[in-house]
Amino acid sequence: MKKLKSTEQALGIMVTNRAVHAVLLQEQDGSPVVLRTFTRQRATRVAGQPSAVNTLTDAGAALPDTTDADVTIQFGSGGPSSSDLFLASEFGALDTEADDREGPGPRLQATTFALELGDILAECRDAGYESPTLAFCVGASEVSHMELKVVELARGRRKAEARKAEAAKKEGAADPAAEARRKEPAGPAPTKVSRNDLLDLLREQHTGEIKDECVSFIPMTPSEEGFLRYLALFPKSTEPVAPTLVEMRAQKTRRLPPVRVLDAEVSLYLGLARLALDAAGALEAETPPNTLVVRAGIEDTQVLFLKGASLQHFESLRSLTAYDSPETICSRVLLLQDEYGSGEVQHVLLLSEEHEDGLIDSFEMFFPDARVQSLWDLLPPTPSGRLDARQPRGLVAAAAVAMRLLQGRSYDAVFEDVNMLVARLQGRQFRLPVTWDVVAMAVVLFCTVFFFVGRYFSNQHEIQAYRDRLRSIPPELADANVQELQARIDSMQAAYAQHMRALEVMDSLLVGSDLWSRTLDEVVDQAAGVRGIWVSRWEPTGNALDLQGNATSRDRVVSFAERVEGEILSLAFSEIRDWPVYTFRMKVPLRPGLPEVTRYLREQAAAAHLARSEAGAAASPDAAASPDAAASPDAAASPDAAASPDAAASPDAPLASATLDEGG
């Protein structure tokens, strides 16, 4: 369990049928200190039921008028309410599983204490403790206690195997091995058992509904036969903590602090007894001492027998309360001691809601050799001293469950890891500080602002792009005449169309004049020059060709290699129809070069360039510098202009040159 920091507070809450007791603890200097204590009387409230006043009013209004009628009183089993006459509050709860049993019939409903818990939390906030971590404990009447023996686990497994075997027989696929295992005698009880096995054993013995995550198991001392024993704890359907937390989480005006644990009285008293034995040094003795823990309450009395630090027996006596005389309580405890055979008791820990001093005196008289101590003395002190002994004894369990959350002293070794609260109710409640309509409006407002901000930056980017384009225009063009600019544009478009037509003609002339076509043509020509040889396969490999073919003589292979300047990689001899055939593999290097069309065009361009240079030297400088000559469409369309150096320096000249190079 996650422990609290030294600056955090733990609020332990003990819930009984009549009151709610709470203790606020905080760790100071490595030890727990009681900051405040709370006690609130519970009002009986059932979720979803009308109030008691309205119920009585409606029932009184529906009664018939019996002023003049005879009155009949019937005793015995004839009346419809005979089952509620004789001490139903005492003997009606002897069956601890009555409210969890399946089938038809009335089920008790859980009562909530949301008002009392809200009042306690409000008082904590007023005192400066905003959000203490909550730990709950419920009384024995709200918890089911069931002792489990591991010896019955093997029987349960065999019953399950028997059911599987019967189902397999009905389907016609019986398992002989499983049938043999089922008929074998039971072996020794296991020395280690898992939680799943204990849950299976609990389901076999308990007929009601069980939530696996709410079940806790406390190890007990082995039985006389050597079987392992466990005490199973799980809440009843009348347990009030879970419905109270659900009700308070549903309230929008309150935010529930984090909740960690829901414990039971038996595990807490067991932990306090271990603390007392540890403080007295009794756990270090060679012989484990026998310890007796007695808690006498208004509704029942709980008795725990300990062997060393392990729980030996637990008993909840509904017919014995704190209102009985101390001698009666002592005599009943002595009967239990003789029944269980617990042996001589060395330590006695007592807690009683009524006449505790008289009960301590009686146990000191009945157990003269035992050390008798009150569980109230084990509570942490307050900053000013000890707690007032006149306060309710329910604060003991509340303080014990709060001590489980502190980390200054490791209580994990003394307190059992018991938690009967479902996981969804644990932890801190997440709740938005505003309602959903405010969140929806905030989302709409955010999306609107985000859209318009994005639109603003997009427009600014477009404006900046237009400005950059305007800055890139030379000043002389920006101030030029519109007709002059249009004439230049028309001239450039005409030159572009002429170049495109020239490229189309160039593409038609360069068909079949690339490197691979010329190499293939050369290889075919050289093979035709050497008779009696033919090429069957060729494959480009990097800057060479891998040729494979056949020849009728070795000399022809050598002659072909000399013609193509190739390297013979392999030569194999075979006979086909009594004729010698030489299969060769040859590597021929590629010789890059310009196509003939390209060389011809370059020669023509060089001759035109030379003629243009000679004519330009004889021309006047004024004609060369005239802007009208550069913008004339006829000059752009002239073949000589395309071959002149000026045309080669124009933006379109590299396009034709690159096209000629790509043809090679």
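This write-up is about the structure you can find in this document. Since this is a predicted model, take the numbers as computed values, not measurements.

Rules of the game
Residue positions are counted from 1 within each chain, in the order its sequence is given. Given that this is a predicted model, residues contribute local features only at a pLDDT of at least 70 and side-chain atom pairs are listed and counted only at 80 or more, while totals for whole chains, interfaces and linings are drawn from all residues. Only hydrogens and water are set aside when side-chain values are computed; all heavy atoms of the structure are taken into account. Joining through side-chain atoms within 4.5 Å is the link that ties buried Ala, Val, Leu, Ile, Met, Phe, Trp, Tyr and Cys residues into a set, and such a set is a nonpolar core. Exposure classes here rest on a 1.4 Å probe applied to the protein chains alone. A residue is buried below 20% of its type maximum, exposed above 50%, and partly exposed in between. Note on definitions: a residue-residue contact is assigned when non-hydrogen atoms from the two residues lie within 4.5 Å. An axis is simply a line fitted to the C-alpha atoms; with a helix, the fit covers only the stretch in contact. Between two such axes, the angle follows the N-to-C directions and lies from 0 to 180 degrees. A helix here means a DSSP run of H or I that spans at least four residues, while a strand means a run of E at least two residues long, and both kinds are numbered starting from the N terminus. It is the rotation of the near helix from the far one that decides the hand of a crossing: anticlockwise by less than a right angle makes it left-handed, clockwise makes it right-handed. Residues are sorted three ways: Asp, Glu, Lys and Arg are charged, Ala, Val, Leu, Ile, Met, Phe, Trp, Tyr, Cys and Pro are nonpolar, and all the rest, Gly among them, are polar. The criterion for an aromatic pair is that two Phe, Tyr or Trp rings (for Trp, the six-membered ring) have centres within 6.5 Å, with stacked assigned to planes under 30 degrees apart, edge-to-face to planes over 60 apart and tilted to the rest. Sitting over a ring, as applied to charges here, requires NZ of Lys or CZ of Arg to be within 6 Å of the ring centre and within 35 degrees of the ring normal. Think of a polar contact as two N or O atoms within 3.5 Å of one another; within protein, one of them needs to be a possible hydrogen donor and the other a possible acceptor, and neighboring residues in sequence only count if both atoms come from side chains. Like-charged residues are merged into a patch within 9 Å and nonpolar side chains (Val, Leu, Ile, Met, Phe, Trp, Tyr) within 5 Å, provided each residue has over 30% relative accessible area and no salt bridge. Surface accessibility in these figures is a Shrake-Rupley result with a 1.4 Å probe; residues are shielded only by whichever protein chains are displayed. Think of a salt bridge as a Lys or Arg side-chain nitrogen and an Asp or Glu carboxyl oxygen that are within 4 Å of each other. By the convention used here, strands pair only if DSSP detects at least 2 bridges between them. Every angle not falling under 35 degrees, over 145, or within 65 to 115 is termed oblique; those three ranges are roughly parallel, roughly antiparallel and roughly perpendicular.

**Concerning the nonpolar core**
Formed by 78 residues in total, the largest nonpolar core has its most connected members in Leu 11, Ile 13, Phe 136, Leu 233, Tyr 269, Leu 304 and Leu 311. Non-local contacts of Leu 233, meaning those with residues more than four positions away in its chain, are made with Val 143, Ser 144, His 145, Cys 214, Val 215, Ser 216, Ile 218, Ala 264, Val 266, Val 418 and Met 420.

**With respect to the packing of helix H15 (residues 515–529) against helix H16 (residues 554–564)**
Put simply, H15 and H16 touch, their axes get as near as 10 Å, and they point 145 degrees apart. Between H15 and H16 lies a crossing whose hand is right-handed. Side by side, H15 and H16 meet where Val 523, Gln 526, Ala 527 and Gly 529 of the first sit next to Phe 560, Arg 563 and Val 564 of the second. Among the residues forming the contact of H15 with H16, the class breakdown is four nonpolar, two polar and one charged.

**Quick look at the packing of aromatic side chains**
Considering all chains together, one arrives at eight aromatic pairs under this definition. Summarising the aromatic geometry, the rings of Phe 560 and Phe 584 are spaced 6.4 Å apart at their centres and angled 55 degrees between planes, so their arrangement reads as tilted. On the criterion of sequence distance, the pair formed by Phe 560 in helix H16 and Phe 584 in strand S17 (residues 579–589) is long-range, its members being 24 residues apart. Using a relative accessible area of 0% as the deciding quantity, one classes Phe 560 as buried. Here the basic side chain of Arg 393 rests over the ring of Trp 376, its NZ or CZ set 4.5 Å away from the ring centre.

**Section: the side chain of Asn 290**
Residue position: Asn 290 is located in strand S9 (residues 290–296). In terms of polar contacts, Asn 290 uses its side chain to reach the backbone carbonyl oxygen of Ser 342, at 3.1 Å. Within the local environment of Asn 290, its side chain forms a polar contact with the backbone oxygen of Glu 344, the two atoms lying 2.8 Å apart. Every residue in contact with Asn 290, bar those within four places of it in the chain, is listed here: Leu 306, Lys 307, Ser 342, Gly 343, Glu 344, Val 345, Gln 346 and His 347.

**Some details on a nonpolar patch on the surface**
On the surface, a cluster of nonpolar side chains totalling about 510 Å² of accessible area is made up of Leu 445, Val 449, Val 453, Tyr 456 and Phe 457. Take Val 453: it is sitting in helix H12 (residues 436–472).

**A few points about the sheet that holds strand S1 (residues 9–15)**
Strand order in this open sheet of five strands is S3-S2-S1-S4-S8, and the pairing throughout is mixed. Each edge of the open sheet is held by one strand with a lone partner, namely strand S3 (31–41) and strand S8 (259–264). Each adjacent strand pair in this sheet contributes to an overall mean axis angle of 20 degrees, direction not counted. As defined by bridge partners, strand S4 (residues 133–138) adjoins S8 across five bridges and the pair is classed as parallel. Across the sheet, Leu 134 pairs through a bridge with Val 259, a residue of S8. Packing against the sheet, helix H3 (residues 114–126) makes contact with S1, strand S2 (19–28), S3 and S4, and its axis sits at approximately 135 degrees to S3.

**Examining unusual backbone geometry**
Phi at His 355 is positive, roughly 55 degrees, even though this residue is not glycine. Here His 355 shows up in the loop between strand S12 (347–352) and helix H10 (356–366). Positive phi outside glycine occurs at Asp 578, with the angle close to 65 degrees. Inspection of the secondary structure puts Asp 578 in the loop between strand S16 (567–576) and S17. According to the relative accessible area criterion, Asp 578 is exposed, its value standing at 70%.

**Focus: the packing of helix H9 (residues 326–340) against H10**
At a closest axis distance of 9 Å, the pairing of H9 and H10 adopts a crossing angle of 45 degrees. When the axis of H9 is compared with that of H10, the two are oblique. Once H9 is placed against H10, the crossing between them reads as right-handed. Packed against H9, whose contacting residues are Pro 326, Glu 327, Ile 329, Cys 330, Val 333 and Leu 334, the element H10 presents Gly 358, Leu 359, Ser 362, Phe 363 and Phe 366 at the interface. Broken down by class, the residue content of the contact of H9 with H10 amounts to eight nonpolar, two polar and one charged.

Just distances and angles here, no functional claims.
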